[in-house]
Amino acid sequence: VVAEARSRRDGAPAEVLGTFNPRAKQGGLTLNVERADYWVSKGAQPSDTVKSLIKKARKTAVAA
């Protein structure tokens, strides 16, 4: 999700970009990479984990 820095921890997200299920063997990651790139271009700062998920989503999109 994309969340405002000033919002509460349990507050409503600005946008849901996808889902991740670490237990799924295949297809556990769905991510809208275009929207993630949009938010990063607007100044969003993804965590290290999210950076790796974006990288993984790009790799699977190229393979598909």
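What you are looking at is a predicted structure, and each value in this text was computed from that prediction instead of being measured. (Residues numbered from 1 in each chain as written. Predicted model: local features only at pLDDT ≥ 70, side-chain atom pairs only at ≥ 80, totals over all residues. Heavy atoms only, no water.)

(A) Seen up close, helix H2 (residues 48–63). Taking 1.5 Å as the rise per residue, H2 with 16 residues should run 22 Å; its terminal C-alpha atoms sit 23 Å apart, in good agreement. Among all positions of H2, only Leu53, Ile54 and Ala57 are buried. Angularly, the buried residues of H2 cover 100° about the axis, an arc narrow enough to put them on a single face. The exposed residues of H2 that point more than 90 degrees off its buried face are Asp48, Lys55, Lys59, Val62 and Ala63. Looking at the buried side of H2, the elements it contacts are strand E1 (18–20), strand E2 (29–31) and helix H1 (33–41). (Helix = DSSP H or I, 4+ residues; strand = E, 2+ residues; numbered from the N terminus. Expected span 1.5 Å × (residues − 1). Buried < 20%, exposed > 50% of the residue type's maximum accessible area, 1.4 Å probe, protein only. Arc of directions from axis to C-beta. Contact = heavy atoms within 4.5 Å.)

(B) A look at the environment of Lys42. Inspection of the secondary structure puts Lys42 in the loop between H1 and H2. The spacing of Lys42 and Lys55 is 13 residues in sequence and 19 Å in space, taken between C-alpha atoms.

(C) Examining the layout of surface pockets more closely. In this structure, the largest pocket encloses a volume near 380 Å³. Of all elements in the fold, only E1, E2, H1 and H2 reach the threshold of two or more residues within the lining of the largest pocket. Classifying every residue of the lining of the largest pocket gives 15 nonpolar, five polar and no charged. (1 Å grid on protein atoms, 1.4 Å probe; cavity = no way out; pocket = protein on both sides within 12 Å on 5 of 7 lines; lining within 4 Å. Points joined across faces, edges and corners; volume = space filled by probe spheres on them. Nonpolar A, V, L, I, M, F, W, Y, C, P; charged D, E, K, R; others polar.)

(D) The pattern of salt bridges, seen in detail. The tally for this structure, following the rule as stated, stands at three salt bridges. Between Glu15 and Arg35 there is a salt bridge whose closest N-O contact spans 2.9 Å. Placement of the pair is Glu15 in the segment before E1 and Arg35 in helix H1, with a sequence separation of 20 residues. Its relative accessible area of 29% is what places Arg35 among the partly exposed residues. For the salt bridge of Arg58 with Asp37, the shortest nitrogen-to-oxygen distance reads 2.3 Å. Taken as a pair, Arg58 in helix H2 and Asp37 in helix H1 lie far apart in primary sequence, 21 residues in all. Look at Arg58 and you get partly exposed, because its relative accessible area is 38%. (Salt bridge = Lys/Arg side-chain N within 4 Å of Asp/Glu carboxyl O.)

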